[in-house]
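# Per-entry structural report
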Amino acid sequence: MGACCSCMRDTTSVDATTGNSANGMNPQDDSSILPIADNEREAVTSLLGYLEDKDNLDFYSGGPLKALTTLVYSDNLNLQRSAALAFAEITEKYVKPVSRDVLEPILILLQSNDSQIQIAACAALGNLAVNNDNKLLIVEMGGLEPLIHEMMGNNVEVQCNAVGCITNLATRDDNKHKIATSGALVPLTKLAKSKHIRVQRNATGALLNMTHSHENRKELVNAGAVPVLVSLLSSADPDVQYYCTTALSNIAVDEENREKLSQTEPRLVSKLVTLMDSTSSRVKCQATLALRNLASDPSYQLEIVRAGGLPHLVKLIQSDSIPLILASVACIRNISIHPLNEGLIVDAGFLKPLVKLLDYKDSEEIQCHAVSTLRNLAASSEKNRKEFFESGAIEKCKELALNSPISVQSEISACFAILALADVSKLDLLNANILDALIPMTFSQNQEVSGNSSAALANLCSRINNYNKIIDYWNEPQGGIRDFLSRFLKSNYATFEHIALWTILQLLESHNVKVVDLVKNDENLITGVKRMAEITSERVQKSGINVNNNGDDTANNTNTQNDDDGSRNSEPIEDASLELYNITQQILEFLK
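Residues numbered from 1 in each chain as written. Predicted model: local features only at pLDDT ≥ 70, side-chain atom pairs only at ≥ 80, totals over all residues. Heavy atoms only, no water.

This paragraph deals with the nonpolar core. Ranked by internal contacts, the top residues of the largest apolar core, which has 187 residues, are Leu354, Phe388, Phe416, Leu435 and Ile481. Residue contributions to this core peak at 9 residues, all from helix α32 (residues 494-508). (Core = buried A, V, L, I, M, F, W, Y, C linked by side-chain atoms within 4.5 Å. Buried < 20%, exposed > 50% of the residue type's maximum accessible area, 1.4 Å probe, protein only. Helix = DSSP H or I, 4+ residues; strand = E, 2+ residues; numbered from the N terminus.)

Okay, structure coming up:
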């Protein structure tokens, strides 16, 4: 949120009725009959001279500031008005960090009961509040209380400028919580419903600026702002729509707020879906981001689809705007998490556009969300699986697997791991030469990438009808499957040791003579297995478990999602060691 909308009148125009000068100074205005003191008369004369040369003078110090301050403390209302108007004009053109000596007279003017003074003083303070240093100083000097008082008045222009000033003050993080707890949120919420668009814009902008921390969002919800923000989504003004969609998007970050929204705002999703077709690109983008945040919850994932969100999203992910693409692909990623949505997303035509997004090499986030969505859709049904393979997703992921940022590699490896779990997909993956990518990925220093890729590789070695690809990739690339197994046996990391041992056992159970011979005739692998048998036997004995009474069967496949933090202490040593011991004993039985 930038600077506020100003409601200041043109202070340089001549008032034909009162005969005011160009700078609004008229000591003879009959609204006040108080005489002018000599020092005040001198201040007026000096100020008029200063204003004639205002482009070359600093009004925030020395003679000009002294003259203005003299008029502020006058008992003559017209002189106070003149000072206020002069401050408003000067601060509109010259904004820089100012001292307490400058702010103090403006804050004095802010306490006046005269609407003209209030309008000008609020404008002057709002102008100075564009500067970051001034924002902090204004709040420190107690500026919030008089501004809140002005907001609660009846003059529209005073309200507009007071709210605008608070909007600017709220752009500084140090001020946000002070504003949220100052009593400003209730009048801001009331003014967001104003019939006057300038007041409404500033009020909704101020509310938006209060949504950037959990504590402030909580205060905002408690102040009753949410129903007002939702109702204003239907505003005809694109600025108001933008402020409200962005504020609601931020509010929806918090789980407790999403739960409250689902209970109290039944029309929220349909309104946001409608705004995805807005003529304003920034409104469209923020509406999509709001839906993305709401779609963190399963109920909203379903509701967005029911409300007709998919046609809008499939259109947006093919737009020319990077922010719109990012917002929409992040949204569909969350929606795709729900199993009931998977088929509907595929039927809506998302697969090929998602694959195309993988070419956005300048946007890591877009690539990550696209791959993550493809992963969610990949194994949902036989029909979806077939369309997934026909979309070219495997080829594109293979292309990116070794030449993309770690975050993208992590998503790709997770996608491969999910696909490799399904028996019906294994030969298709092997025939697509996915091992060209998986084997090198097992060398990654990133544990998530190496873990997911090794899990995928392990599952591809299990329960398949044709082992020709396994044989072809036994020694290549980069040492092939053989080297992968040897490295993981020596990793001294229980999860990787388990993957290697489990894979060796699957190969020995393959009933393929060539594969079994490759394993049995590899001295490094046999030595590694025997070493693990000794190590795990020692671990189990130390834990006091009788190995003769434990012949547990191993799992059918390898877990593709590695949530281990890399420390042996993070899992029960006796459980992990016992499982590893059992696998080594089964392997040794095959080797007899």
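Past the structure itself, the notes keep going.
Okay, unusual backbone geometry next. In this structure, the amide linkage connecting glutamate 476 to the following residue, proline 477, adopts the cis form with an omega of 0 degrees. Among the secondary structure elements, proline 477 is positioned in the loop between α30 (468-472) and α31 (480-489). At asparagine 433, a position not held by glycine, the phi torsion is positive, near 55 degrees. Mapped onto the fold, asparagine 433 is located in the loop between α27 (423-431) and α28 (435-441). Overall, the relative accessible area of 24% leaves asparagine 433 in the partly exposed class. The backbone of histidine 511 shows a phi angle near 65 degrees, a positive value even though the residue is not glycine. Residue position: histidine 511 is located in the loop between α32 and α33 (513-520).

This part takes up the pattern of salt bridges. This structure, assessed with the given rule, holds 21 salt bridges. Taking the shortest distance from any N to any O, the salt bridge between aspartate 58 and lysine 96 comes out at 3.3 Å. In this pair, aspartate 58 sits in the loop between α1 (38-52) and α2 (62-72) while lysine 96 sits in the loop between α3 (77-93) and α4 (100-110), placing the two residues 38 residues apart along the sequence. Here arginine 375 ties to glutamate 411 by a salt bridge, and the two come within 3.3 Å at their closest N and O atoms. Within this pair, whereas arginine 375 is found in helix α23 (residues 364-378), its partner glutamate 411 is found in helix α26 (residues 406-421), the two being separated by 36 residues in sequence. Across the pair, exposure class does not vary: arginine 375 and glutamate 411 are buried alike. Sharing partners across several salt bridges, the network here consists of Arg201, Asp237, Asp239 and Arg282. (Salt bridge = Lys/Arg side-chain N within 4 Å of Asp/Glu carboxyl O.)

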